[in-house]
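# What the coordinates show
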Amino acid sequence: MIGWGGRDRKMAASSSIVSVAATASSVPVLPSSCDFSNLREIKKQLLLIAGLTRERGLLHSSKWSAELAFSLPALPLSELQPPPPITEEDAQDMDAYTLAKAYFDVKEYDRAAHFLHGCNSKKAYFLYMYSRYLSGEKKKDDETVDSLGPLEKGQVKNEALRELRVELSKKHQARELDGFGLYLYGVVLRKLDLVKEAIDVFVEATHVLPLHWGAWLELCNLITDKEMLKFLSLPDTWMKEFFLAHIYTELQLIEEALQKYQNLIDVGFSKSSYIVSQIAVAYHNIRDIDKALSIFNELRKQDPYRIENMDTFSNLLYVRSMKSELSYLAHNLCEIDKYRVETCCVIGNYYSLRSQHEKAALYFQRALKLNPRYLGAWTLMGHEYMEMKNTSAAIQAYRHAIEVNKRDYRAWYGLGQTYEILKMPFYCLYYYRRAHQLRPNDSRMLVALGECYEKLNQLVEAKKCYWRAYAVGDVEKMALVKLAKLHEQLTESEQAAQCYIKYIQDIYSCGEIVEHLEESTAFRYLAQYYFKCKLWDEASACAQKCCAFNDQNDNLHLSDKLKVIISAVFLEFRACAHVFRRREVEMTEQSDSRSLRITDPKSAAVDSNMGETTTSSSDSKPAGGERIPCDMAAGAV
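No experiment lies behind these values; they were computed from the predicted model shown. Counting starts from 1 at the beginning of each chain's written sequence and moves along it residue by residue. With pLDDT at 70 or above as the cut-off, local features in this predicted model cover only qualifying residues; side-chain atom pairs require 80 or more to be listed or tallied, and sums for whole chains, interfaces and linings still use all residues. To obtain the side-chain values, all non-hydrogen atoms of the structure were used and water was disregarded.

Of the regular secondary structure elements, the protein chain holds 32 helices and zero strands. Relative accessibility under 20% of the residue-type maximum defines a buried residue, over 50% an exposed one, and the middle range a partly exposed one, all with a 1.4 Å probe and only protein chains included. The 637 residues of the protein chain split such that 48% are buried. Sequence-distant contacts in the protein chain: of pairs separated by 6 or more residues, those separated by 24 or more amount to 62%. For accessible areas, the Shrake-Rupley method is used with a probe of radius 1.4 Å. Any residue's cover is judged against the shown protein chains and nothing else. Of the roughly 32,100 Å² that the protein chain leaves accessible, carbon and sulfur atoms contribute 52%. Secondary structure elements follow DSSP: runs of H or I no shorter than four residues count as helices, runs of E no shorter than two count as strands, and numbering proceeds from the N terminus. Contacts are residue-level and defined by heavy atoms, with any inter-residue pair within 4.5 Å sufficient.

The next point concerns unusual backbone geometry. Residues apart from glycine generally show negative phi values, whereas peptide bonds are mostly found in trans. Despite not being glycine, Asn309 has its phi angle at roughly 70°, a positive value. In this structure, Asn309 sits in the loop between helix H15 (289-302) and helix H16 (310-319). Within the chain, Thr491 stands out as a residue other than glycine whose phi angle is a positive 55°. Within the secondary structure, Thr491 sits in the loop between helix H26 (479-489) and helix H27 (493-510).

Attention now moves to the pattern of salt bridges. Any carboxyl oxygen of Asp or Glu within 4 Å of a side-chain nitrogen of Lys or Arg constitutes a salt bridge here. With the rule as written, the count across this model stands at 29 salt bridges. The closest approach of N and O atoms between Lys482 and Glu451, which form a salt bridge, is 2.9 Å. Here Lys482, found in helix H26, pairs with Glu451, found in helix H24 (residues 443-455); they are 31 residues apart in sequence, far enough to count as distant. By relative accessible area, Lys482 is classed as partly exposed at 22%.

Look at helix H20 (residues 375-387): 19 Å from first C-alpha to last across 13 residues, which is about the 18 Å you get at 1.5 Å a residue. Counted residue by residue, H20 has 11 buried out of 13 residues, so it is predominantly covered. When we look at burial in H20, the residues that qualify are Leu375, Gly376, Ala377, Trp378, Thr379, Leu380, Met381, Gly382, Glu384, Tyr385 and Met386. Directly beyond the C-terminal end of H20, a positive phi value near 65° is found at Lys389. Expected span, for any helix, means 1.5 Å times one less than how many residues it has.

With that settled, consider the nonpolar core. In terms of nonpolar packing, the biggest core is built from 181 residues, with Tyr133, Trp213, Leu219, Trp238, Phe242, Phe243 and Phe269 touching the most fellow members. The leading source of residues in this core is helix H6 (residues 122-148), at nine residues. Side-chain atoms within 4.5 Å link the members of a nonpolar core, which is a set of buried Ala, Val, Leu, Ile, Met, Phe, Trp, Tyr and Cys residues.

Our next topic: the packing of aromatic side chains. Only Phe, Tyr and Trp rings take part, Trp by its six-membered ring, and two of them pair if their centres are within 6.5 Å. Stacked means planes under 30 degrees apart, edge-to-face means over 60, and tilted covers everything else. The full count for this structure, using the stated rule, is 26 aromatic pairs. Judged by centre distance (4.3 Å) and plane angle (5°), the rings of Trp64 and Trp213 are stacked. Of this pair, Trp64 sits in helix H2 (residues 59-70) while Trp213 is found in helix H10 (residues 213-222), placing the two residues 149 residues apart along the sequence. The exposure classification of Trp64 matches that of Trp213, with both residues buried. Where Trp467 meets Tyr470, the ring centres are 5.3 Å apart and the plane angle is 45°; that geometry is what we call tilted. Of this pair, Trp467 and Tyr470 both sit in helix H25 (residues 459-471), three residues apart, which is roughly one turn of that helix. Exposure remark for Tyr470: the relative accessible area of 24% places this residue in the partly exposed category. Pairwise contacts between aromatic rings join Trp64, Trp213, Trp238, Phe242, Phe269 and Tyr274 into one cluster. Geometrically, a charge over a ring is one whose NZ (Lys) or CZ (Arg) sits within 6 Å of the ring centre while staying within 35 degrees of the ring normal. When the ring centre of Tyr363 is taken as reference, the NZ or CZ atom of Arg366 above it lies at 4.6 Å. Here Arg434 stacks its cationic end above the ring of Trp412, 4.2 Å away from the centre of that ring.

The subject of this paragraph is the environment of Phe180. One can find Phe180 in helix H8 (residues 179-191). Placed 25 residues apart in sequence, Phe180 and Ala205 show a C-alpha to C-alpha distance of 7.4 Å. Leaving out residues up to four positions away in the same chain, Phe180 has contacts with Ile49, Leu52, Thr53, Arg56, Leu58, Phe126, Leu209 and His212.

What follows concerns the confidence of the model for the protein chain. Per-residue confidence from the prediction method is given by pLDDT, with values spanning 0 to 100. In the predicted model, the protein chain carries a mean pLDDT of 81, and the fraction of residues at 70 or more is 78%. Across the protein chain, helix H18 (residues 341-353) holds the top mean pLDDT of 96, while helix H32 (residues 630-636) sits lowest at 34. This model gives residues 1-31 a pLDDT under 50, and the stretch forms 121 contacts once residues within four places in sequence are excluded. Every residue in residues 553-559 scores below 50 in pLDDT, and together they form six contacts with partners more than four places removed in sequence or on other chains.

Before going further, it helps to spend a moment on a nonpolar patch on the surface. Taken together, Leu47, Leu77 and Leu80 make up a surface patch of nonpolar side chains, about 320 Å² in accessible area. Mapped onto the elements, Leu80 comes out in the loop between H2 and helix H3 (88-92). Residues forming no salt bridge and having over 30% relative accessible area are the ones grouped into patches, like charges within 9 Å of each other and nonpolar side chains (Val, Leu, Ile, Met, Phe, Trp, Tyr) within 5 Å.

Take Leu72: it is sitting in the loop between H2 and H3. Residues Leu72 and Phe269 lie 197 residues apart in sequence; the distance between their C-alpha atoms is 6.6 Å. When near neighbours in sequence (up to four residues on either side) are disregarded, Leu72 contacts Leu39, Ile42, Lys43, Leu46, Gly268 and Phe269.

Let's shift gears to helix H21 (residues 391-404). Along its 14 residues, H21 runs 20 Å from first to last C-alpha, staying within 8% of the 20 Å computed at 1.5 Å per residue. Buried positions along H21 lie against H20 and helix H22 (409-421).

To get an axis, a line is fitted to the C-alpha atoms, and for a helix only the part in contact is used. The angle between two axes follows their N-to-C directions and goes from 0 to 180 degrees. Relative to each other, helix H19 (residues 357-370) and H20 sit at 155°, their axes nearing to 9 Å. Comparing their axes, H20 and H19 come out roughly antiparallel. Seen along the crossing, H19 lies across H20 with a hand that is left-handed. Seen from H19, the contacting residues are His357, Ala360, Ala361, Phe364, Gln365, Ala367 and Leu368; seen from H20, they are Ala377, Trp378, Leu380, Met381, Glu384, Tyr385 and Glu387. Across the contact of H19 with H20, the residue classes break down as 10 nonpolar, two polar and two charged. Each angle gets one of four labels, with under 35 degrees taken as roughly parallel, over 145 as roughly antiparallel, 65 to 115 as roughly perpendicular, and the rest as oblique. Crossings are assigned a handedness: left-handed for a near helix turned anticlockwise from the far helix by less than a right angle, right-handed for a clockwise turn. In this classification, Asp, Glu, Lys and Arg are treated as charged, Ala, Val, Leu, Ile, Met, Phe, Trp, Tyr, Cys and Pro as nonpolar, and every other residue, Gly included, as polar.

This part is about the side chain of Arg306. Relative to the elements of secondary structure, Arg306 occurs in the loop between H15 and H16. No salt bridge is formed by the buried Arg306; the nearest opposite charge belongs to Asp303, separated by 4.1 Å. Each polar contact in these results corresponds to two N or O atoms within 3.5 Å; when the atoms are within protein, one needs to be able to donate a hydrogen and the other to accept it, and residues that are neighboring in sequence are counted only if both atoms are side-chain atoms. A polar contact of 3.4 Å, which involves the side chain of Arg306, links it to the backbone oxygen of Glu308. For Arg306, the side chain forms a polar contact with the side chain of Asn309, separated by 3.5 Å. We treat Lys and Arg as the positive residues and Asp and Glu as the negative residues; His and chain ends play no part in the count.

Next up on the list: the environment of Cys452. One can find Cys452 in helix H24. Overall, the relative accessible area of 0% leaves Cys452 in the buried class. Excluding residues that lie within four positions of it along the chain, Cys452 makes contacts with Pro425, Cys428, Leu429 and Tyr432.

Our next topic: the packing of H15 against H16. Two elements in contact, H15 and H16, have axes whose closest approach is 10 Å; the angle formed by their N-to-C orientations is 135°. Viewed along their axes, H15 and H16 adopt a mutual orientation that is oblique. The two elements H15 and H16 meet at a crossing, and its hand is left-handed. Of the residues in H16, those in contact with Ile289, Ala292, Leu293, Phe296, Asn297, Leu299 and Arg300 of H15 are Met310, Thr312, Phe313, Leu316, Leu317 and Val319.

In structure tokens:
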């Protein structure tokens, strides 16, 4: 349904709000200021708009308003809003509207439009145009699924769009469209890729009818960055706060979004399941998995039959490899409604976690048959095709995801990975850049960019990316290792050593479990570095640490193990030889200095005898206790 498909949000400030009654006499005047002090008035507005959107078939917008109204305290009987007054036009079209609405509710859109043809009331006219629009969308989706399959790039269009645009344009120029008509006109323009015109119409719709959540969401689909948001002139209404919080989440401005949602909770919306779910999604976007899981679990207790955002919850369970919890979630959603796109995505994630990628892809395809514009299913199906090494199908899936939402960084990142597998570094560099633009503080994008630059021999750019990845918080703890190896390749030993030292300090401070090969590589290089700097104790300690990883990781190749072990043993042997030799020299120097300070001949004789005794004792040591010079140690190894 229109009004819920948008996944982005944005906002700005404006002047006075145009009254709903100025364009639609059936809607009473309800001032929608940005003041949250009168929650009872806000609840009246939410209940009213829930009814108006339901009458026009905008079910998702109606549900959003009703859920938000439910989170506020109940109104006494004396304050309940009376139903909107019926106009003369509404009375004349009542029979046709009632019949057509019944057909509309059972998705007989052509039939509904037939009986509404010629109606004059604004409510009946909107349902007439909306029925024609949905009829064209349904035929387009059926043709796409039946003839082309979910991965083919078809050119199927909604044939009704151009006719609808012509008719709605005439009404718009004559200023005969109310807030709902403007919303539908904006949707038609967006579908025809007339983005600038669509933005203008949606902004006008938010001024005429600021309580309609669907218009705000559709506007979100067309805003690409924060700068674009600043230039919009939007009404100064309390709905703007919900819009801002929503769009900040989509633009990955998570701190601002969380602050907005916290403000909404503080003013009285603490029981809103919508706000709770959005906060969980925000924590999911910044990869705070524990916090997001905790909030989703609380949400499930509060609203156990909720399906919205459960695919995001399943993504978190997938990342944590929580098979039993994911299995329970999949079975539970199947019992509630197995033909929802979210349910299909959850089941797909379950099979993917069990490495049954063919079954997982099948369920993602089912989700797309239910809703071909469902973003998450396209992206997840691309991931599954990557697991199955089907790069061409993965590319098509990721491109479809970008068509649905160009701000989906996962699709851009997936395309970069796919072209990296195909050894096309210039292509993957372009896609990684797009992903980095959407997620500038995500270390994974920066590390991927660094690897691309490294393959293209642009080492200066690669070093910048790796260092930036470390600075913003390296999620995978790989940026410093790659930066160190790059310095090592450029014979910048001092910088390489510093990177390895920072890497080891970070690993031991946070207790991360990492690949032993990387940690042993760091200790091996540091042992070599300290040895060249004649820091024998440090070299010996690092070499011993390196040997400690001898057989701890069975996944390492034998050649890698042997390199690490032989190098570490050799370094430890040489370092120890130097340490022993240095101590022997120190002892000899102390003995010589003591003999020079002796003035009494008798004492000198005694000390001389003691020195002979010491010497003879040293000479009598077994061969195993001899100090081996460094050069001999090296030759022996």
